[in-house]
Amino acid sequence: MRGYYQYYLHDMVNSMSRKNGGLPTTFHHGQVKVTTAGTAVQLSTAVTDLQGGIWFKPTSSTNMYVGYADQKPDGTNAVVCNESNPIFVEADRLNDYWIDSAANNKYMSWIAW
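Described below are features of the structure shown in this document. (Residues numbered from 1 in each chain as written. Predicted model: local features only at pLDDT ≥ 70, side-chain atom pairs only at ≥ 80, totals over all residues. Heavy atoms only, no water.)

This brings us to the side chain of Ser109. Among the structural elements, Ser109 can be located in strand 8 (residues 106–112). Polar side-chain contacts of Ser109 include one of 3.1 Å to the side chain of Gln31. (Helix = DSSP H or I, 4+ residues; strand = E, 2+ residues; numbered from the N terminus. Polar contact = N/O pair within 3.5 Å; in protein donor to acceptor, adjacent residues only side chain to side chain.)

This is the structure:
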């Protein structure tokens with residue numbers, strides 16, 4: 001995983017520098033497991049304010065869904081991503097996002113600032 005984060009960190013820092021005119025002061029990262037497809041998992045239960053956004057990258061080719069707050073994701077009301085199609089979402093809080101998957105026991109890696 002270390003190389004994976006290093007590869008994309010450069011692009012994220014450049015994006016943040018252009019957006020707010022400065023570098024982020026704090027990075028957060030992790031991985032969420034969706035045990036049962038169709039049952040959304042909150043990205044974080046801690047209320048964590050962000051400066052820029054969240055970059056999501058599933059660890060498999062299975063479609064995974066990113067949803068916001070009370071609209072827990074499924075195939076119709078969420079952004080779809082997979083291993084070859086990661087996404088970036090501008091976000092204010094880490095705990096506002098939920099993850100779901102089209103298959104059981106799938107992981108979503110993320111990094112936020």
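Here the focus is the sheet that holds strand 3 (residues 53–58). The 4 strands lie next to each other as 1-8-3-6, forming an open sheet whose pairing is antiparallel. Because the sheet does not close on itself, it has two edges, and the strands there are strand 1 (28–34) and strand 6 (87–90). In this sheet, neighbouring strand axes are inclined to one another by 20° on average, regardless of whether the strands run parallel or antiparallel. Bridge count for strand 1 against strand 8 is 7 bridges, and the pairing is antiparallel. In the strand pairing of strand 8, His28 is matched with Ala112. (Pairing = 2+ DSSP bridges. Axes fitted to C-alpha atoms, helices over the stretch in contact; angles between N-to-C directions.)

The next thing to look at is the nonpolar core. Counting 18 residues, the largest nonpolar core has Leu43, Ile54, Phe56, Val66, Tyr97, Ile99 and Trp110 as the members making the most contacts within it. Put simply, the parts of the chain that give this core at least two residues each are strand 1, strand 3, strand 4 (64–68), strand 6, strand 7 (97–101) and strand 8. Counting residues per element, this core draws most heavily on strand 8, which supplies 3 residues. Contacts of Tyr97, omitting those with residues within four sequence positions, involve Val41, Gln42, Leu43, Ile54, Phe56, Val66, Gly67, Tyr68, Val89, Glu90 and Ala91. (Core = buried A, V, L, I, M, F, W, Y, C linked by side-chain atoms within 4.5 Å. Buried < 20%, exposed > 50% of the residue type's maximum accessible area, 1.4 Å probe, protein only. Contact = heavy atoms within 4.5 Å.)

Checked against the element boundaries, Val66 lands in strand 4. Judged by its relative accessible area of 4%, Val66 falls in the buried class. Considered as a pair, Val66 and Ile99 are 33 residues apart in the sequence and their alpha carbons are 4.9 Å apart. Each residue touching Val66, except ones within four places of it in the same chain, is listed here: Phe56, Pro73, Ala78, Val79, Cys81, Ile87, Tyr97, Trp98, Ile99 and Met108.

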